Amino acid sequence: MPKIYFIDVTNRDGVQTAKLGLSKLEKTLINIYLNEIGVFQSEFGFPTTKHESLYLQANLELAEMGVLQPIHLGGWIRAIVGDVETAFKLVPDIRHLNLSISTSAQMIDGKFQGRKTRDDIIRDMVEAVDTARSLGAETIGVNAEDASRTDLDFLIKFGLAAKEHGADRLRYCDTLGYDNPFTIYEATKTLAENTGMAIEIHCHGDLGMAVANSIAGTKGAIDGGQDAYINTTVNGIGERAGNADLVATILAVTKSKGFADKYKSGRPIDLSKAWKIAKFASYAFGVPIPMNQPGVGANAFAHSSGIHADGVLKDPENYELYGFEELGRGEPEFVETGREIIAGQYSGISGFCHVMGKMEVSFANREEANELLELVRYANVESQKPLVEDELLFIAKYPQIARKLLTLKPLE
Ligand SMILES: [Zn+2]
């Protein structure tokens, strides 16, 4: 039986959202948390974008060191030869890529405006796949942008050409959130049956159906005989109305009526990290978690009406579909209500040692403390908000990697 895998695109689709962004250290922590949850691949950034180069290389080093294992770190670029060449020039160690090109008549007419035909789309894509393979890519996904408004026969042709040239997965992008569960099921099933390729399902929430469409598309791919790779973002952060929320999608796959009996994850999922990653992404993006968000919202396990409160006290299963402990909730959280010492861009050594001492981090000597403090100052310059414990601990544990992440200079 084919399996379900998660490809989280927070560090790509999430950060290209208008008005939002993440520091390179924040992106790195997201990768670490995604790995802990059991996500198959993090689409960790843009290898043709110069200010990403050192961040991407540093994260590939973390993979090499075993810190970011077994998660795949995949870059997103356009499916054109020039972009593939630039990606390998700027990020030589990149091994996993998704190559994206628009496939719909709307985009070919409305965006390329006569500069590209359908044959050009396929030619550009296969040349990009060939180049990526020759430069050392180990896995390649080809993304059909606006797939939901693309003629299915053309998508099959596109997928078969990609497969013939060695691509591993076909990403079905519902770029505008136009599909519904019924249409996406038919589309992904047809694509799986006719291309024999693993299908990625990339859904947006413009009609409020990103999660529903993701599991319907998954069912389609698996019923069509292929593995399904669901694209998600943490807290659903993504362009316009956002993407399929990671935690909600995992819950839908594992808890919805009868689904998990037949459709299973290819990697073990550790939902107990859900609370941590949702809270961190909320803080890092500066976007509060809606109180009614599945699993991690403030009201997800709150009861006040008499009948519900009585029922849940007698047996939680009366009014809760899953337990808060499963999502890593329920532990008391320490909130400082008195004096606070914070490590920031203008901190000195005494305050910094106090902050680190509270986390039981000590230093061999003053020199080492000063070196780490300098990194913390730079991290704060980039994020412009107090660093969380895990960021401080990361810097203390991997100062050389942190130094690379924090080096932002215009490259030649
Ligand atoms: Zn998208």
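Just above, that's the structure.
It should be emphasised that the depicted structure is a prediction, and the values quoted were computed from it without experimental measurement. (Residues numbered from 1 in each chain as written. Predicted model: local features only at pLDDT ≥ 70, side-chain atom pairs only at ≥ 80, totals over all residues. Heavy atoms only, no water.)

Draft legend 1. Structural context of the coordination of the zinc ion. Within the protein, Asp-13 (OD), His-202 (NE2) and His-204 (NE2) serve as the donor atoms for the zinc ion, at 2.1 Å. For the zinc ion, all donor residues lie on one chain, and their spacing in sequence is D-x188-H-x1-H. You can call His-202 buried: its relative accessible area is 4%. (Donors = N, O, S within 2.8 Å, 3.2 Å for Na, K, Ca; no water. Buried < 20%, exposed > 50% of the residue type's maximum accessible area, 1.4 Å probe, protein only.)

Draft legend 2. The environment of Phe-394, seen in detail. Position of Phe-394 relative to the elements: it lies in helix α16 (residues 389-397). A relative accessible area of 4% places Phe-394 in the buried class. In the structure, Phe-394 is positioned 369 residues away from Leu-25 in sequence and 8.9 Å away in space, judged by C-alpha atoms. With sequence-adjacent residues up to four places away left out, Phe-394 is seen in contact with Leu-25, Thr-28, Leu-29, Ile-32, Leu-62, Ile-401, Ala-402 and Leu-405. (Helix = DSSP H or I, 4+ residues; strand = E, 2+ residues; numbered from the N terminus. Contact = heavy atoms within 4.5 Å.)

Draft legend 3. View of α16. Considered for burial, the residues of α16 that qualify are Glu-391, Leu-392, Phe-394 and Ile-395. Projected onto a plane normal to the axis of α16, the buried residues spread over an arc of 160° and lie on a single side. Residues of α16 that are exposed and angled more than 90 degrees away from the buried face: Glu-389 and Lys-397. Each element contacted by the buried residues of α16 is listed here: α2 (24-37), α3 (53-64), α12 (274-285), α14 (349-358), α15 (366-383) and α17 (399-405). (Arc of directions from axis to C-beta.)

Draft legend 4. A look at the pairing of strand β4 (residues 96-102). Counting buried positions along β4 gives seven out of seven residues, so the element sits mostly inside the fold. In β4, alternate side chains face the same way, and those of His-96, Asn-98, Ser-100 and Ser-102 on one face and Leu-97, Leu-99 and Ile-101 on the other are all buried. Across five bridges, strand β3 (residues 72-78) lies against β4 in parallel orientation. Among the inter-strand pairings, Arg-78 is bridged to a residue of β4, identified as Ser-100. The parallel pair β3 and β4 is bridged by helix α4 (residues 81-90), and the resulting crossover is right-handed. Direction of pairing for β4 relative to strand β5 (residues 139-145): parallel, over a ladder of seven bridges. Bridge pairing links Leu-97 to Ile-140 in β5. (Pairing = 2+ DSSP bridges. Right-handed = clockwise from strand over helix to strand, strands pointing away.)

Draft legend 5. Structural context of the state of the cysteines. The final tally for this structure, using the stated rule, is zero disulfides. The structure places no disulfide on Cys-173, whose sulfur is separated from the nearest cysteine sulfur, that of Cys-203, by 9.3 Å. (Disulfide = S-S within 2.5 Å.)

Draft legend 6. Here's a closer look at the sheet that holds β4. An order of β1-β2-β3-β4-β5-β6-β7-β8 is seen for the eight strands of this closed barrel, with the pairing classed as parallel. Strand-to-strand, the axes of this sheet are offset by a mean angle of 25°, without reference to chain direction. Across five bridges, strand β1 (residues 4-8) lies against strand β8 (residues 228-232) in parallel orientation. Bridging from a neighbouring strand, Ile-4 pairs with Ala-228 of β8. Packed on one face of the sheet, α3 meets β2 (41-45) and β3 and runs near 150° to β2. Sitting on the sheet, helix α8 (residues 181-195) is in contact with β6 (169-174) and β7 (198-203), with an inclination near 155° to β7. (Axes fitted to C-alpha atoms, helices over the stretch in contact; angles between N-to-C directions.)

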